[in-house]
Amino acid sequence: MRLEIGKINITDIRFAEESKVEGGVLYVNAEDFKPVVLEDEKIKDVYFDIAKPGESVRITPVKDVIEPRVKVEGKGGVFPGWISKVDTVGSGKTLALKGMALVTAGKIVGFQEGVIDMTGPGADYTPFSKTLNLVMVCEPVEGLKQHDYEAAVRKAGFRVAAKIGELARGIEPDETCVYETCGIKEGIEKYPDLPRVGYVSMLQTQGLLHDTYVYGVDAKQIIPTIMSPTEAMDGAIVSGNCVSACDKNPTYIHQNNPVIEDLFAQHGKTINFVCQIITNENVYLADKERSSNMTAKLCRMLDLDGIILTQEGFGNPDTDLIMNCKKIEAEGVKTVIVTDEYAGRDGKSQSLADADVAADAVVTGGNANEVIILPKLDKVIGTLDYINKIAGASDKTLREDGTLEVEIQVITAATNEMGFGTLSAR
Amino acid sequence: MAKIKVVHYINQFFAGIGGEEKADIPAELHKGEVIGPGMAFNTGFKDEAEIIATIVCGDSYFNENIEAVKAEILGWVKDLAPDLFIAGPAFNAGRYGVACGTIAAAVQEELGIKSMTGMYVENPGADMYKDKTYILQTKDSAAGMRDAVKKMTAFALKYAKGEKIGASCQDGYMNQGVRVNFFEKERGSKRAVDMLLKKLADEPFTTEYPMPDFDRVEPNPAVKDMAHAKIALVTSGGIVVKGNPDHIESSSASRFGEYSLEGVYDLDENTFETAHGGYDPVYANQDADRVLPVDVLRDLEKEGVIGKLHEKYYATVGNGTSVANAKGFGAEIGKRLVADGVDAVILTST
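The rules we used
- Residues numbered from 1 in each chain as written.
- Chains lettered and ligands numbered in written order.
- Predicted model: local features only at pLDDT ≥ 70, side-chain atom pairs only at ≥ 80, totals over all residues.
- Heavy atoms only, no water.
- Helix = DSSP H or I, 4+ residues; strand = E, 2+ residues; numbered from the N terminus.
- Rg over C-alpha atoms; globule rule 2.2 N^0.38 Å.
- Buried < 20%, exposed > 50% of the residue type's maximum accessible area, 1.4 Å probe, protein only.
- Contact = heavy atoms within 4.5 Å.
- Areas by Shrake-Rupley, 256 points an atom, 1.4 Å probe, with all protein chains shown as cover.
- Lys, Arg positive; Asp, Glu negative; His and termini not counted.
- Charge placed at Lys NZ, Arg CZ, Asp CG, Glu CD.
- Salt bridge = Lys/Arg side-chain N within 4 Å of Asp/Glu carboxyl O.
- Buried area = accessible area lost by both parts, 1.4 Å probe.
- Axes fitted to C-alpha atoms, helices over the stretch in contact; angles between N-to-C directions.
- Left-handed = near helix turned anticlockwise from the far one by under 90°.
- Nonpolar A, V, L, I, M, F, W, Y, C, P; charged D, E, K, R; others polar.
- Pairing = 2+ DSSP bridges.
- Phe/Tyr/Trp six-rings, centres within 6.5 Å; stacked < 30°, edge-to-face > 60°.

### Some thoughts on the overall build of chain A
- When its secondary structure is counted, chain A shows seven helices and 25 strands.
- Taking 426 residues into account, the globule formula puts the C-alpha radius of gyration at 22 Å, and chain A, at 21 Å, falls close to it.
- Projected onto the principal axes, the alpha-carbon positions of chain A cover approximately 55 × 55 × 35 Å.
- For chain A, buried positions account for 66% of its 426 residues.
- Sequence-distant contacts in chain A: of pairs separated by 6 or more residues, those separated by 24 or more amount to 80%.
- Accessible surface for chain A amounts to roughly 14200 Å². Of this, 49% is attributable to carbon and sulfur atoms.
- Seen as two clouds, the 45 positive and the 64 negative side-chain charges of chain A have centres 2 Å apart.

### Here we look at the pattern of salt bridges
- One pass over the structure, following the stated rule, counts 52 salt bridges over all chains.
- In this structure, a network of salt bridges that share partners links the residues D395(A), K396(A), E249(B) and R255(B).

### Re the interface of chain B and chain A
- At the junction of the two partners, chain B supplies 56 residues and chain A supplies 77 residues.
- Note on chain B versus chain A: buried area summed over both sides is about 5400 Å², and carbon and sulfur give 59% of it.
- Taken together, the links from chain B to chain A amount to nine salt bridges.
- The residue D202(B) makes a salt bridge to K334(A) at a minimum N-O spacing of 2.8 Å.

### A word on the packing of helix α6 (residues 285–301) of chain A against helix α7 (residues 316–330) of chain A
Residues and elements named next belong to chain A.
- Between α6 and α7, the least distance of the axes is 9 Å, while the angle of their chain directions is 35°. Considering the relative orientation of α6 and α7, their crossing is right-handed. Mapping the contact onto sequence places L285, K288, E289, S291, S292, N293, T295, A296 and C299 in α6 and N316, T319, D320, M323, N324, K327 and I328 in α7.
- Classifying every residue of the contact of α6 with α7 by side-chain character gives five nonpolar, seven polar and four charged.

### Quick notes on the sheet that holds strand β15 (residues 217–218) of chain A
All names here are of chain A.
- Read across the open sheet, the three strands follow the order β15-β14-β17; overall the sheet is antiparallel. The strands lining the two open edges of the sheet, one partner per strand, are β15 and β17 (237–241).
- Pairing of strand β14 (residues 210–214) with β17 involves five bridges; the strand directions are antiparallel. Within β17, the residue paired with H210 across the bridge is N241.
- Helix α2 (residues 146–166) rests against β14 and β17 of the sheet, and its axis sits at about 150° to β17.

### With respect to the sheet that holds strand β12 (residues 175–180) of chain A
Residues and elements named next belong to chain A.
- The strand order β7-β8-β1-β12 describes an open sheet built from four strands, whose pairing is mixed. Edge positions in the sheet fall to β7 (69–73) and β12, since each of these pairs with one other strand and no more. Within this sheet the neighbouring strands show an average axis-to-axis angle of 25°, counted without direction.
- In this sheet, strand β8 (residues 92–98) lies alongside strand β1 (residues 2–9) in parallel orientation, the contact comprising seven bridges. Across the sheet, G6 pairs through a bridge with L95, a residue of β8.

### Focus on the packing of aromatic side chains
- This structure, assessed with the given rule, holds 24 aromatic pairs over all chains.
- For the ring pair F264(A) and F273(A), a centre distance of 5.2 Å and an interplane angle of 75° mean the geometry is edge-to-face.
- Judged by its relative accessible area of 10%, F264(A) is buried.
- Residue classification places F273(A) among the buried residues on the basis of a relative accessible area of 0%.
- Seen from their ring centres, F155(B) and Y159(B) are 5.7 Å apart, and the 45° between their planes marks the pair as tilted. Here the residue F155(B) and the residue Y159(B) both occupy positions in helix α6 (residues 145–160), the gap between them amounting to four residues, near one helical turn. The same class applies to F155(B) and to Y159(B), which are both buried.

See below:
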């Protein structure tokens, strides 16, 4: 499959009378987007705000981060199963608004929502301090249960992102990147001497606010399957989860999956990048065993020589990580793991909830329990009402002088387990 | 700014006294003298630090009189009150490495004076002391002296000045078993691809997280006589008395709670809730028995299937809680359960 991503560099976001993309600037009339959010009766109100890199702004509680994209050629449309029908995506041409993100925020859903600081030490840990952020703060109707609220905000985010993406239709991109994978036979003929490499991505599916969707399907209910790595770029995989902010994979990171990008960079040179294999992280033992059996089998059937295995979340999914690694290695497929660590505030504890000698090649996104003091910032988009309650905070988080004492766990994508950031640990 | 004061420890060989035949010389204090590798350190320090005394001891003497010689040297170092104590480097010399590790660790622990040493990774002193002092990694023989001195002086100045010490791989010391965060040059995905390319080519690569020996607990044998057993409930699912009186954190718990079940036959939404931040709390808050099955245990008690439900239960939050904390909670809860004559425990998670 061949997908062209046309990149439109966004250099500023401004509120204006007319919503449009022009000269690299996204102009937003919030009134155009409010009805798109409020068409869901579960959302009582919404307001939009803008946060720019370097500003003294804190966004919290952050739910999802999305990159607006629009499909201009080829089958299907963005966010299949949600916004578009379920045609297979990942071929043709898609335009992406680069340098910006849509951030969904508002009153807390669960406990595992994040913080994005646009300046100060916290900004170093989140990739979204470097993007221009259009923030959508939602208020649920009263009495709405957490999971209904989560679903409502998630879907509203996709609707708004798609509508922003539409503004870019017809615009000439600043740069175009081409991503292409071959069929099985074609790949073997074209690159007979290159090792065959796959990417096994574990999707968060522990349930109870810990879900990921593939073409609209709750990934808890899938049996591991293979995908073209370009499908994720059109929004085939979306986040629906409230896992700790530091290591949940926001939709933005699925769309810009760094492992896929970096494997493509080697494709045809040092490796033959065959496919993405998606699997889940269910909580029942039988599910764990079935899914890891299936990923190992798929790796074998595809005659892969090596894979990269990424995780989402921590604790319970560590057992899936180790099961996948053990079984895939046992099939003779060389495996490198990307994970993060919960080594305690002092860094002295065992980092994962499971371990095995087969996991001899590990890349880490750092220790999520590391404590950091975040300064008081001038403006909060969202609310600090829940800051002492989110995962990675404590009853001592909000201090008298307005500073926050938190684990980096609270910072969106700080220890991302797809290797989106540079943070590590030894 | 005043110069940083350093006391240096070396063996008889590096002091130029002699080899194996002189390994039994007792400890000597050379105030104001800079001897052997100390010269190179002093040059490397430029004007920022200086060696104010050198302590020399034979390797055999040190290892055979360890307590006495340690006390003697600690006495000298205490009086000299340096800012930093450096031992070695010992390269792959076993007894010298152990001496350097022992004395550096003692200076740090007993006098509270910053200490460091240097040696080869396979020196037996390395494994014994790498978590007790900073051990800079050197080559295996004195041919690596230049390199060792360069690394050690740079580290010494940074350390003595109180600058932040980075991760072990950044600052060249042996990992102390403490995970330290830092920013790499390449993002994680690129590092993973590079590591995979090496693994595929059978080239050496270094994992960023060496797997620990995993601590597995063998289950106890089954309880034979349940009808007379006292059963306790313990949960990592965060069920607490409403309002979370102990402020157990929603993730990375630092404590557990002990709550009474006296007169409680059914948990309801007015009296119990979950503090756990790792799952949708709606169903647990509606009916906390779903996580902590008090209602069912009370039924079994009535039916005589179990002897008695213990009148206290223990709860914490498993979400992101470090293994070390969890182990600590487990040990303490276990102690209290044993003291209360509990025969068996049902552990519920989420």
